[in-house]
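Close look at the chain arrangement
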Amino acid sequence: MGCALGKMYSVGQDAAIDACPAAWCVFTGAWVQFFECANIAWICVISFNTLETFTLKRSSLIKSSQFWSGSSASGAWTREVVEHVWAWGFAVLLTVGPALTDAYGDAGNWCWMPPAKRAERIAFYYFWLIVSMIWVVFCVAGAGVAMCIITRNRDTGAVDLSRAQLARQARLIAYALTFVLLNVPSVVHRFTELGGNHVYF
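Residues numbered from 1 in each chain as written. Predicted model: local features only at pLDDT ≥ 70, side-chain atom pairs only at ≥ 80, totals over all residues. Heavy atoms only, no water.

**Some points on the packing of aromatic side chains**
Within a pair of aromatic rings, the relevant descriptors are the distance that separates the centres and the angle that separates the planes. The condition that has to hold: Aromatic rings from Phe, Tyr and Trp, with only the six-membered ring used for Trp, were paired whenever their centres fell within 6.5 Å, and each pair was classed as stacked if the ring planes differed by under 30 degrees, edge-to-face if by over 60, and tilted otherwise. Helix numbering and strand numbering both begin at the N terminus, where a helix is a DSSP run of H or I of at least 4 residues and a strand a DSSP run of E of at least 2. Relative accessibility under 20% of the residue-type maximum defines a buried residue, over 50% an exposed one, and the middle range a partly exposed one, all with a 1.4 Å probe and only protein chains included.
Applying the stated criterion to the full structure yields 14 aromatic pairs. Note on Trp112 and Tyr125: the rings are 5.4 Å apart at their centroids and 85° apart in plane angle, and the pair reads as edge-to-face. With a gap of 13 residues between them, Trp112 in strand β2 (residues 111–112) and Tyr125 in helix α6 (residues 118–154) connect regions that are remote in the sequence. Given the relative accessible area of 8%, Trp112 is considered buried. Given the relative accessible area of 6%, Tyr125 is considered buried. An aromatic cluster of three or more residues is present, and its members are Trp24, Phe27, Trp31, Phe34, Phe35, Trp42 and Trp88.

What follows is the structure, given as structure tokens:
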């Protein structure tokens, strides 16, 4: 939602703030960057938690750890704090980077990093997007295989996950896969652009 609002209110150099349209464009460009990067960070957290549910949390070592298993209120709270610091801190760092290199501006259809800022686009966004997509595929593949095994063995009473819990994890896996599929065209466009070809966004 944050990304959508940023793109909705950023209209390049014709921004609706007459006093300082350039500053408005920089602000909305940074806004878009922040929430795009936060989305990347959170999808990585969700994917890892899904994989962990089916694999790591089932090991005796993890079950004995309050932090990883969330077996106590303090352990769960600490884990949640770490995840929030990671996700929002990651987004802040990747938002500040382009600002320090004066990379925000009119990107054509909205304000972000202009097409001329290819190095900044790759360093502060697309590199991390590709890494996150690989990470998501790895976690989803592992969770999917584990879920199939668990589902097969569930009727024997050998597992402690209910059908509702399995259905919830299946939805999270679908969400993570949707993230990857929706971002494939953007990554393909960037590599096409690097090859010297014209792209439309």
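Now that the structure is up, let's keep going.
**Some thoughts on the environment of Leu177**
On the secondary structure map, Leu177 appears in helix α7 (residues 163–194). Assessed through its relative accessible area of 37%, Leu177 is described here as partly exposed.

**Observations concerning the environment of Ala41**
One can find Ala41 in helix α2 (residues 21–54). Exposure remark for Ala41: the relative accessible area of 0% places this residue in the buried category. A C-alpha to C-alpha distance of 9.2 Å links Ala41 and Glu83, two positions 42 residues apart in sequence.

**Quick word on a nonpolar patch on the surface**
Inclusion rule: Patch construction takes residues with relative accessible area above 30% that form no salt bridge. Like charges are linked within 9 Å, and nonpolar side chains (Val, Leu, Ile, Met, Phe, Trp, Tyr) are linked within 5 Å. The accessible surface values rely on the Shrake-Rupley method and a 1.4 Å probe; as for residues, cover is taken only from the protein chains in view. By definition here, a salt bridge exists when the distance from a side-chain nitrogen of Lys or Arg to a carboxyl oxygen of Asp or Glu is within 4 Å.
Taken together, the side chains of Ile122, Phe127, Trp128, Val131, Phe191 and Leu194 define a hydrophobic patch exposed on the protein surface, amounting to about 540 Å² of accessible area. Within the residue set of the nonpolar patch, elements represented by two or more residues are α6 and α7. Its place among the elements puts Phe191 in helix α7. A relative accessible area of 52% means that Phe191 is categorised as exposed.

**Comments concerning the pattern of salt bridges**
For the coordinates displayed, the defined rule picks out 2 salt bridges. Measuring nitrogen to oxygen at the nearest pair gives 2.7 Å for the salt bridge that ties Glu52 to Arg79. A residue pair is termed long-range when its members are at least 10 positions apart, and Glu52 in helix α2 and Arg79 in helix α5 (residues 73–100) qualify at 27 residues. Taken individually, Glu52 and Arg79 each receive the classification buried, so the pair is uniform in this respect. Of the charged contacts in the structure, one is a salt bridge between Arg79 and Glu83, with a shortest N-O distance of 3.0 Å. Of the two residues, Arg79 and Glu83 are both situated in helix α5; the distance of 4 residues between them amounts to about one turn of the helix. For the pair formed by Arg79 and Glu83, the shared burial category is buried. A network of salt bridges, in which partner residues are shared, links Glu52, Arg79 and Glu83.

**Some details on the confidence of the model for the protein chain**
Note the threshold: In predicted models, pLDDT denotes the confidence assigned by the predictor to each residue on a 0 to 100 scale. Contact criterion: two residues are considered in contact whenever any of their non-hydrogen atoms come within 4.5 Å of each other.
Of all residues in the protein chain, 70% attain a pLDDT of 70 or more, and the chain-wide mean is 78. When the elements of the protein chain are averaged for pLDDT, helix α3 (residues 60–63) gives the smallest value, 48, and α2 the largest, 89. Here residues 12–20 is a poorly scored stretch, pLDDT under 50, and it has 10 contacts once near neighbours within four places are set aside; other chains count.

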